[in-house]
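In case you want the letters, here they are:
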2 protein chains.
Amino acid sequence: MRWNELQNETCPVARGLSVVGDRWTLLVLRDCFRGLRRFEELHESLGITRHVLSDRLKGLEAAGVLERRQYSDAPPRHEYRLTDKGRDLYPVLIALIRWGETHQPRADVPDFTFRDRHTGAVIEPVLTDRRTGREIDPRQVSASREDTG
Amino acid sequence: MRWNELQNETCPVARGLSVVGDRWTLLVLRDCFRGLRRFEELHESLGITRHVLSDRLKGLEAAGVLERRQYSDAPPRHEYRLTDKGRDLYPVLIALIRWGETHQPRADVPDFTFRDRHTGAVIEPVLTDRRTGREIDPRQVSASREDTG
DNA sequence: TGCCTTGGGTTCCCTTTTGGAACTTACTGG
DNA sequence: CCAGTAAGTTCCAAAAGGGAACCCAAGGCA
């Protein structure tokens with residue numbers, strides 16, 4: 001199996017990773033969520049080579065995760081913005097942040113705090129069951145595909 | 001910046017990805033969550049080359065995400081099991097499944113259904129705020145590091 | 001006018017990682 | 001003795017990544 005055959009898999013994890021499972025891709029998106037939009041900003045922040053960054057941005061644009069738009073006519077300048085599809089990756093990043101903080105801790109830096117943008121209230125993201133409102137314990141959950149009918 | 005320098009970053013996303021951000025790694029873990037434990041099972045299921053699989057398993061073991069244990073003495077045979085640290089990656093996979101199903105849909109396969117292992121009740125995983133119990137809207141959330149003091 | 005700077009890339013070249021396939025080791029069963 | 005199985009390792013070619021230099025369009029300025 002080659003990496004670029006993943007997009008045709010029936011597994012949604014595989015299809016998701018065919019878009020964001022590349023080295024650096026989720027870090028590019030992390031920076032987009034931080035508000036960075038320009039090539040130079042991203043290059044500076046990530047420290048990856050320009051052509052890998054260029055490649056990732058093209059891929060994310062092609063996948064509809066980022067949108068490339070011109071913000072200046074002369075000289076022509078572009079920026080990259082998250083689309084709705086891109087913004088919906090936030091739960092993946094939050095899950096990763098919480099796992100990283102819990103299991104790859106660094107004593108010398110404080111953890112992230114999530115806040116409501118408007119009220120400023122602290123938010124503690126957890127995975128719950130929408131139906132019961134109870135937190136989800138991985139060990140109690142089974143996932144399966146069920147044909148309807 | 002090189003990939004293996006990521007583990008020293010202050011950003012928890014970067015540290016998390018230094019463990020699971022490699023090509024194929026999250027797919028190996030997906031299969032572990034599905035209950036696969038043996039090299040041959042994983043190789044068959046993933047279709048990746050044996051030495052990439054071998055490499056990923058070693059990395060995950062070194063990171064404490066999987067545990068390699070002997071299940072037969074003669075001939076010596078091993079299996080790989082998720083540790084607690086590994087099981088805590090479940091929210092990442094669920095987030096990825098839901099994103100994949102929503103944004104890279106395939107009409108020909110049914111979506112996953114999550115169920116309580118014991119009661120069989122359907123579970124609908126959503127990211128909520130533990131404090132208020134409300135669902136989290138990415139656009140309303142800001143993340144920042146706050147020094148205590 | 002010529003020269004420097006900035007943003008956003010592309011090109012070139014070399015090193016790592018993948019992909020594919022064959023080979024190895026240690027044992028079991030017939 | 002031969003075939004088969006589980007779990008890897010080794011070898012080689014192809015693809016991706018890393019580093020640095022180069023390109024282009026426009027703006028500023030001396």
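Residues numbered from 1 in each chain as written. Chains lettered and ligands numbered in written order. Predicted model: local features only at pLDDT ≥ 70, side-chain atom pairs only at ≥ 80, totals over all residues. Heavy atoms only, no water.

Looking up chain A in an unreviewed UniProt entry gives the name Transcriptional regulator, with the organism given as Pseudooceanicola nanhaiensis.

Caption draft 1: Seen up close, the packing of helix 2 (residues 25–33) of chain B against helix 4 (residues 50–62) of chain B. Residue and element names in this part refer to chain B. Running from N to C, helix 2 and helix 4 cross one another at 75°; their axes reach a closest spacing of 10 Å. One way to sum up the angle between helix 2 and helix 4 is to call them roughly perpendicular. For the pair helix 2 and helix 4, contact is made by T25, V28 and L29 and by L53, R56, L57 and L60, respectively. Each residue belonging to the contact of helix 2 with helix 4 can be placed in one class, and the counts come to 5 nonpolar, 1 polar and 1 charged. (Axes fitted to C-alpha atoms, helices over the stretch in contact; angles between N-to-C directions. Helix = DSSP H or I, 4+ residues; strand = E, 2+ residues; numbered from the N terminus. Parallel < 35°, antiparallel > 145°, perpendicular 65-115°, else oblique. Contact = heavy atoms within 4.5 Å. Nonpolar A, V, L, I, M, F, W, Y, C, P; charged D, E, K, R; others polar.)

Caption draft 2: Local environment of the protein's contact with DNA strand D. Taken together, the neighbourhood of DNA strand D is formed by 24 residues, with R56 of chain A together with R68, R77, H78 and Y80 of chain B sitting nearest. Sugar and phosphate atoms form 63% of the subset of DNA strand D atoms that lie within 4 Å of the protein. Contacts to DNA strand D include F39 of chain B, whose backbone N or O atom sits 3.4 Å from a phosphate oxygen. Within the side chain of Y71 of chain B, an N or O atom sits 3.2 Å from a phosphate oxygen of DNA strand D. For the surface near DNA strand D, the secondary-structure elements that each account for two or more residues are helix 4 (50–62) of chain A together with helix 3 (39–46), helix 4, strand 1 (66–72) and strand 2 (77–82) of chain B. (Near = heavy atom within 4 Å. Polar contact = N/O pair within 3.5 Å; in protein donor to acceptor, adjacent residues only side chain to side chain.)

Caption draft 3: Up close: unusual backbone geometry. Here A74 of chain B and P75 of chain B are connected by a cis peptide whose omega angle stands at 0°. Located in the positive-phi region is W24 of chain A, a residue other than glycine, with phi close to 85°. Among the structural elements, W24 of chain A can be located in the loop between helix 1 (12–20) and helix 2 (25–33). Here W24 of chain A falls in the buried class, since its relative accessible area comes to 9%. (Buried < 20%, exposed > 50% of the residue type's maximum accessible area, 1.4 Å probe, protein only.)

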